[in-house]
Amino acid sequence: MTCKPPCLSYRSFYLLVSLLAVGYVGNASSQTYFDHMSERRSKTVEQLRRALTTNDLRLREERVKKAIAGLRHVGDLRQALELKEWNDEDLDIARRDLDRRLRGEVLSRFQTEVRRAIQTGNPSAILAVTTMLGEMGTKVRGMGATGIAATAFAPDLAKLTKSDNGRIREEAANALGTIHPDPRVAVPALSAMLRNETSVGGRLAAARALASMVRVAAELAHQRGIGGIDPLQAEYINVAATIIPEAGRALEDSVTEVRLHGLEAFRQAGILLTEVIPDPFPERDLPAPDELKKLLDADQQKIKPVVDALVKESAGLQRAIADPTDAIALRARRALEEIAEARLKLLRRRAQLPIPPQEGAEGQTADAIFAIIAANVKALGKGLEHPDVRIRLASLDILEAVADTPGQPLGDFAVAAVPALSIGLEDSNRFVRWQAIRILGKLGPVDGRAEGLEGLIRMLHDDDLDLQVAAANTLAAYGPLARPAISALGNAVERGDPEMRIAAMETMQAIGSDAELAKQTVPILIHALQHDDARVRATAAQTLGEYGEHARTAEPALMKARQDSDPEVREAAADALLNILVPPKKRQLK
C-alpha cells in the first residue's frame, strides 16, 4: 500500500512515540525518580524485589530474609528501601506486620551503615553520605504511613555543620534542607552557620537550606493534603514558624544571594499558608453558621504561628520591597504576593458566613496579614515607575490580590494605591496597562472620588481593543462619577469595533439617564440602531430604553427596529418603546 502525506514512516512513528513517552515521564517527577533507580538496581536488590512478589506469607518471609541477607552495600540497602513492592502499609494485618518487621531490618542496617561511613572521618565518605541523603530527600519512606527515611539523620547532619571542613559543612546544610528534619534539631545548626560563618558559601548554604525546609513542608502539605486533611499540618506550620525569624536574619546579610534565599523562605511560607487553608465549602456541603464559625476559628488558629512570625519580621520584608537591587525587590514582591494570596483564600472562606462575625480568629489573622501588605503600599506604587517590567507587574499582582478581597473595606490602602494605578495606565507595556485598568475596576471609586478617570478615558482610544473594552468596563464601575467620559464613549459607539461599541453603551447605562446626558447620546444611539451587527443594534435599543422619556426622539427609529430581522433586536426595541412612552411611574396596575 502506498502511503501519501501526511502519513508517517515507521521510523517517524516510533520517534514520535518516544518523544511522547519522554514528555509523559517528564511530567511525573516522582515516578521518574523510581524508574531511574530501577535501571541501576543491583542483582541482590532485584532478587529482593522478586521475593516481595511472593503471595504465600511463609514463602515470602523465607525468600525475603534470604534476599535481605545478600544485601551488602549502603547503595543496596538504600535501593531496597525504595522498592515499591513492600506491603508494610497493607490492609492485610499479617502481611503488613511481616513487611514492617522485615523492612525495619533493612532500615536499621541502612542507618547503621550510613553512620559508620560518617564515623570514619574520611571527608570523601562523608561527602558521599551527604550527597546521598540530600538526593533521597523525602522520596524514600521511613517506617509507618508518614515517615521519611532520611529524616532520621538530622542529628548527624546537624553535627556535621560544625565540621572543620567547610565543604562538609555546606553539603550537610544542603542535605538538611531536603530531608524534612525536626526544626528543633536543624534550625539551631543552620542559624549558627548563618551567624558565624565567615565564608559566603557557608552562609549561602545555611540560607538555602532554611528556604528549602519551608519549601519541602509546603510540598508535603500539598501532596498529602490531596483528598483530605493531612494530620501533619501542624508539623509543617511549626517548620515555617520556626524558620521565618532566621530568614529575617538572612535579610540583613551583605550578600545578595543570601538575602534572596531569606526572601524565598518568606515566599514558601506564603505558599504553605495557602496549602493548609482549606478551600471554601461547596454550597451543597456548607455547614450551619455556628459550626462553620467554629471551623474557621480552628483553621485560622492553626496558621497563627506562621502569621505571627511574618508580622514580627515584616520590617525586613518591607526593606526588601524597597531595595535598590532589582533581584531583591522582585523576590520580595513574589513573597508578598504569596502572602496576599493566602489572605485572599482565608477571606473567601470567611465570606461564606451569612453574617460575618465582628471578632474571631479568622478576622484577626486576615487583618494581621493585611497590615503586612498595607505597610508596603507606597513602595508598591513606586514600583510601577520601575524600569524593570517584571517589578511593575509583580507590584500589580499584589495590589490585585488585595483588590480581589470579598466584602472588605480597603480604606487608606485604596487611597494610596489608586494614584499609582493611574501611572500604570500610561505604561508602555500593554499587560501593565491592562492590569492597572482591571484593578481600578475592582477598587471602584475611592471615598466618592473618581481617581484615575482621565487615564481611563484616554484608554478608550488605546491601540489595543481588549484594553479599550477593559477601560469601558472599569468606567462602568464608577457609575455617575464617570460622567466626564460620556463624550469619549459616544465616539467609541460611533467609530469602534462592535465589541467596543457594546461595552461603551453598557457603560453609558451605568453612568445615568438624565436629560443632559440624553441630549448628547440619543442621536448617536439612534444611528447605532442601523449597525450591521445585531448585538450592537440590540444594545443601542436597550440603552435608549434606559433614558426613558428623555429619548422620545428615538421613537421612529425604535418603531422601525420592531421589524428587525433579529428577534433580540425586536424584543429590545419593544421594551425600549414601553420605557420611553409609558414610564414606570405613570403605569397603572390593574
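Going along each chain's sequence as written, the residues are numbered from 1 onward. Reporting in this predicted model follows two pLDDT cut-offs: at least 70 for local features of residues, and 80 or more for side-chain atom pairs to be given and counted; totals over whole chains, interfaces and linings ignore these cut-offs and use all residues. Excluding hydrogens and water, the side-chain values take into account all heavy atoms of the structure.

1. With respect to the overall build of the chain
Then comes step 1: When helices and strands are tallied, the chain shows 29 helices and zero strands.
Then comes step 2: Contact criterion: two residues are considered in contact whenever any of their non-hydrogen atoms come within 4.5 Å of each other. Within the chain, contacts between residues at least 6 apart in sequence are counted, and of these 70% link residues at least 24 apart.
Then comes step 3: The method behind every accessible area is Shrake-Rupley, applied with a 1.4 Å probe, and residues are considered shielded solely by the protein chains displayed. Accessible surface computed for the chain: about 28,800 Å², of which carbon and sulfur atoms make up 52%. Secondary structure elements are taken from DSSP: a helix is a run of H or I of four residues or more, a strand is a run of E of two residues or more, and numbering for both begins at the N terminus.

2. Re a nonpolar patch on the surface
Then comes step 1: Patch definition: residues with relative accessible area over 30% and no salt bridge; like charges joined within 9 Å; nonpolar side chains (Val, Leu, Ile, Met, Phe, Trp, Tyr) joined within 5 Å. What counts as a salt bridge is simple: a side-chain nitrogen of Lys or Arg found within 4 Å of a carboxyl oxygen of Asp or Glu. Judged by side-chain polarity, Leu578, Leu581 and Val582 come together as a nonpolar surface patch covering roughly 220 Å² of accessible area.
Then comes step 2: One can find Val582 in the segment after helix H29 (567-581).
Then comes step 3: Given a relative accessible area of 32%, Val582 falls into the partly exposed group. To sort residues, take the accessible area from a 1.4 Å probe on protein chains only and compare it with the maximum for the residue type: under 20% means buried, over 50% means exposed, and anything in between is partly exposed.

3. Focus: the packing of helix H12 (residues 233-250) against helix H13 (residues 256-276)
Then comes step 1: An axis is simply a line fitted to the C-alpha atoms; with a helix, the fit covers only the stretch in contact. Between two such axes, the angle follows the N-to-C directions and lies from 0 to 180 degrees. Two elements in contact, H12 and H13, have axes separated by 9 Å at closest approach and are oriented at 155°. Between H12 and H13, the angle falls in the class roughly antiparallel. As H12 packs across H13, the resulting crossing turns out to be left-handed. Every residue of H13 that contacts H12 at Gln233, Tyr236, Ile237, Ala240, Ile243, Ile244, Ala247, Gly248 and Ala250 is listed here: Val258, Arg259, Gly262, Ala265, Phe266, Ala269, Leu272, Leu273 and Val276.
Then comes step 2: Each residue gets one of three labels, nonpolar for Ala, Val, Leu, Ile, Met, Phe, Trp, Tyr, Cys and Pro, charged for Asp, Glu, Lys and Arg, and polar for the others, Gly among them. Class assignment for the residues of the contact of H12 with H13 results in 14 nonpolar, three polar and one charged. When an angle is under 35 degrees it counts as roughly parallel; over 145 it counts as roughly antiparallel; between 65 and 115 it counts as roughly perpendicular; any other value is oblique. Crossings are assigned a handedness: left-handed for a near helix turned anticlockwise from the far helix by less than a right angle, right-handed for a clockwise turn.

4. Focus: the side chain of Thr521
Then comes step 1: Examined against the element boundaries, Thr521 turns out to sit in helix H26 (residues 515-528).
Then comes step 2: The exposure class assigned to Thr521 is buried, which follows from its relative accessible area of 1%.
Then comes step 3: When neighbours within four sequence positions are excluded, Thr521 is seen to be in contact with Ile486, Met508 and Tyr547.

5. Section: the pattern of salt bridges
Then comes step 1: Enumeration over the complete set of coordinates arrives at 42 salt bridges.
Then comes step 2: Linking Arg96 and Asp97 is a salt bridge whose minimum nitrogen-to-oxygen distance equals 3.6 Å.
Then comes step 3: By relative accessible area, which is 23% here, Arg96 ends up partly exposed.
Then comes step 4: The closest approach of N and O atoms between Glu400 and Arg438, which form a salt bridge, is 2.6 Å. One end of the pair, Glu400, is in helix H19 (residues 389-403); the other, Arg438, is in helix H21 (residues 430-443), and 38 residues separate them in sequence.

6. Regarding the environment of Ala574
Then comes step 1: In this fold, Ala574 is placed in helix H29.
Then comes step 2: It is 6.3 Å that separates the C-alpha atoms of Ala574 and Arg562, two residues lying 12 residues apart in sequence.

7. Some words on the environment of Thr178
Then comes step 1: As for its placement among the helices and strands, Thr178 is situated in the loop between helix H9 (166-176) and helix H10 (183-196).
Then comes step 2: Thr178 gets classed as buried once you look at its relative accessible area, which sits at 18%.
Then comes step 3: Linking Thr178 and Val214, residues 36 residues apart in sequence, is a C-alpha distance of 9.5 Å.
Then comes step 4: Not counting residues within four places of it along the chain, the set of residues in contact with Thr178 comprises Leu133, Gly134, Gly137, Thr138, Ser212 and Val216.

8. Structural notes on H9
Then comes step 1: If you check which residues of H9 are buried, you get Ile168, Arg169, Ala172, Ala173, Ala175 and Leu176. Down the axis of H9, the buried set is contained in an arc of 160°. They therefore lie on one face.
Then comes step 2: The opening residue of H9, the one whose side-chain oxygen lies 2.9 Å from the backbone nitrogen of Arg167, is Asn165. In this description, one arc is meant: the one made by directions from the helix axis to the C-beta atoms. Here a polar contact is taken to be a pair of N or O atoms separated by no more than 3.5 Å, where protein atoms must pair a possible hydrogen donor with a possible acceptor and residues adjacent in sequence count only if both atoms sit in side chains.

9. A look at the nonpolar core
Side chains of nonpolar character tend, in soluble globular proteins, to be buried together.
Then comes step 1: In this structure, Leu48, Trp86, Leu317, Leu399, Phe413 and Leu558 are the most contacted members of the largest nonpolar core, which totals 177 residues.
Then comes step 2: The dominant element in this core, judged by the number of residues it contributes, is helix H11 (residues 200-225), at 14 residues.
Then comes step 3: Ignoring any residue separated from it by four or fewer positions in sequence, one finds Phe413 in contact with Phe370, Ile373, Ala374, Val377, Leu399 and Val402. Nonpolar core, defined: a set of buried Ala, Val, Leu, Ile, Met, Phe, Trp, Tyr and Cys residues in which side-chain atoms within 4.5 Å join the residues together.

10. Quick look at H21
Note: α-helices contain 3.6 residues per turn, so residues at a spacing of three or four share the same orientation.
Then comes step 1: Any helix carries an expected span of 1.5 Å times its number of residues minus one. In a regular helix each residue adds 1.5 Å, so 14 residues correspond to 20 Å; H21 covers 20 Å between its end C-alpha atoms and thus fits that length.
Then comes step 2: By the burial criterion, the buried members of H21 are Val432, Arg433, Gln435, Ala436, Ile437, Ile439, Leu440 and Leu443.
Then comes step 3: Capping of H21 at its N-terminal end is provided by Asn429; its side-chain oxygen lies 2.8 Å from the backbone amide nitrogen of Phe431.
Then comes step 4: One or two positions beyond H21, positive phi appears at Gly444, with a value near 70°.

11. Focus: the packing of aromatic side chains
Geometrically, a pair of aromatic rings is defined through the distance of the ring centres and the angle of the planes.
Then comes step 1: Any two rings among Phe, Tyr and Trp, with Trp reduced to its six-membered ring, count as a pair given centres within 6.5 Å; such a pair is stacked if its planes are under 30 degrees apart, edge-to-face if over 60, and tilted if neither. Enumeration over the complete set of coordinates arrives at two aromatic pairs.
Then comes step 2: With a centroid separation of 5.8 Å and 85° between ring planes, the pair formed by Phe110 and Phe153 is classed as edge-to-face. Pair noted here: Phe110 is in helix H6 (residues 93-119) and Phe153 is in the loop between helix H7 (123-136) and helix H8 (154-160), with a separation of 43 residues, a long-range link. We note that Phe110, like Phe153, is buried.

12. Overview of the environment of Ala420
Then comes step 1: Structurally, Ala420 can be placed in helix H20 (residues 411-424).
Then comes step 2: Judged by relative accessible area, which is 6%, Ala420 ranks as buried.
Then comes step 3: A C-alpha to C-alpha distance of 8.3 Å links Ala420 and Leu380, two positions 40 residues apart in sequence.
Then comes step 4: Beyond its immediate sequence surroundings of up to four residues, Ala420 is in contact with Gly381 and Leu384.

13. Concerning the confidence of the model for the chain
Then comes step 1: Confidence along the chain averages 88 in pLDDT terms, with 88% of residues attaining 70 or more.
Then comes step 2: The predictor's confidence in any single residue is recorded as pLDDT, a number from 0 to 100. Low confidence marks residues 1-37, where pLDDT is under 50. Its contacts with residues over four positions away, or in another chain, come to 15 contacts.

14. Examining the packing of helix H16 (residues 326-350) against H19
Then comes step 1: With their axes 9 Å apart at the nearest point, H16 and H19 run at an angle of 15° to one another. The angle between the axes of H16 and H19 places the two elements in the roughly parallel class. The hand of the H16/H19 crossing is left-handed. Each of Asp326, Ala329, Leu330, Arg333, Arg334, Leu336, Glu337, Ala340, Glu341, Arg343 and Leu344 in H16 lies in contact with H19, whose residues at this interface are Arg390, Ile391, Ala394, Ser395, Asp397, Ile398, Ala401 and Val402.
Then comes step 2: Its residues placed into classes, the contact of H16 with H19 shows 10 nonpolar, one polar and eight charged.

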